[in-house]
Amino acid sequence: MTCGTILDTGPLIAFLNSRDGHHRWAREQWARVEPPFLTCEAVIAEACFLAHRLGSGAPEAVVSLVARGVLEVSFRLADEAAAVARMMKKYDDVPMSLADACLVRMSEQHPGSVVLTLDGDFRIYRRSKRQRIPTRMPDG
């Protein structure tokens, strides 16, 4: 449906966890998107860490989504470190995680994209200094 959907950690974990309160919403969103989802290694790392709570094989399920091409990890922090660090400093009071900073930077690189997230901080963050970041998140 949406060209260039950028995936945050929350919807990834909700998709994998049938007991998650946002599981149904996440499955609906995944059904609407033509893969691959765009994401970054920081999101993959967060998701693998959180997936350990879901049981054996869950972290591997996250990595398998990359291997199968469902998730595309093309963002290179080494190339964007200065911009990401500036963003994290700007939003130090929120505070902004590394993954969030990478996703905001990705939204700047892919201006027609939408960030699929559960994180309300994306209502605060701005790309290219003042532009709202197009997001898709559950109501409420």
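Please read all numbers here as calculations on a predicted model, not as lab measurements.

Definitions and cut-offs
- Residue numbers here run from 1 along each chain, matching the order of that chain's written sequence.
- Thresholds applied to this predicted model are a pLDDT of at least 70 for local features of residues and 80 or more for the giving and counting of side-chain atom pairs; totals over whole chains, interfaces and linings are not thresholded and use all residues.
- Side-chain numbers here rest on the full set of heavy atoms in the structure, without hydrogens or water.
- The axes used here are C-alpha line fits, helices contributing only the stretch in contact, and every angle between their N-to-C directions lies in the interval 0 to 180 degrees.
- Secondary structure follows DSSP: runs of H or I at least 4 residues long count as helices, runs of E at least 2 residues long count as strands, and numbering of each begins at the N terminus.
- If an angle is under 35 degrees, it is roughly parallel; if it is over 145, roughly antiparallel; if it lies from 65 to 115, roughly perpendicular; otherwise it is oblique.
- What makes two residues a contact is simply this: any of their non-hydrogen atoms within 4.5 Å.
- Note on residue categories: nonpolar means Ala, Val, Leu, Ile, Met, Phe, Trp, Tyr, Cys or Pro, charged means Asp, Glu, Lys or Arg, and polar means any other residue, Gly included.

**Regarding the packing of helix α5 (residues 77–90) against helix α6 (residues 98–109)**
At step 1: Where α5 meets α6, the closest approach of the two axes is 9 Å, and the angle between their N-to-C directions is 110 degrees. As judged from the angle between their axes, α5 and α6 are roughly perpendicular. For the pair formed by α5 and α6, the contact residues are Leu77, Glu80, Ala83, Val84, Met87 and Met88 on the first element and Leu98, Ala101, Cys102, Val104, Arg105, Glu108 and Gln109 on the second.
At step 2: Of the residues assigned to the contact of α5 with α6, the class counts are nine nonpolar, one polar and three charged.

**Description of unusual backbone geometry**
At step 1: For the bond running from Pro35 to Pro36, omega is 10 degrees, close enough to zero to count as cis.
At step 2: Structurally, the position occupied by Pro36 is in the loop between α2 (23–32) and β2 (37–39).
At step 3: With phi around 75 degrees, Lys129 is a residue other than glycine that occupies positive phi space.
At step 4: Relative to the helices and strands, Lys129 resides in the loop between β5 (126–127) and β6 (131–132).

Interpretation note: all reported values are geometric properties and have no functional meaning in isolation.
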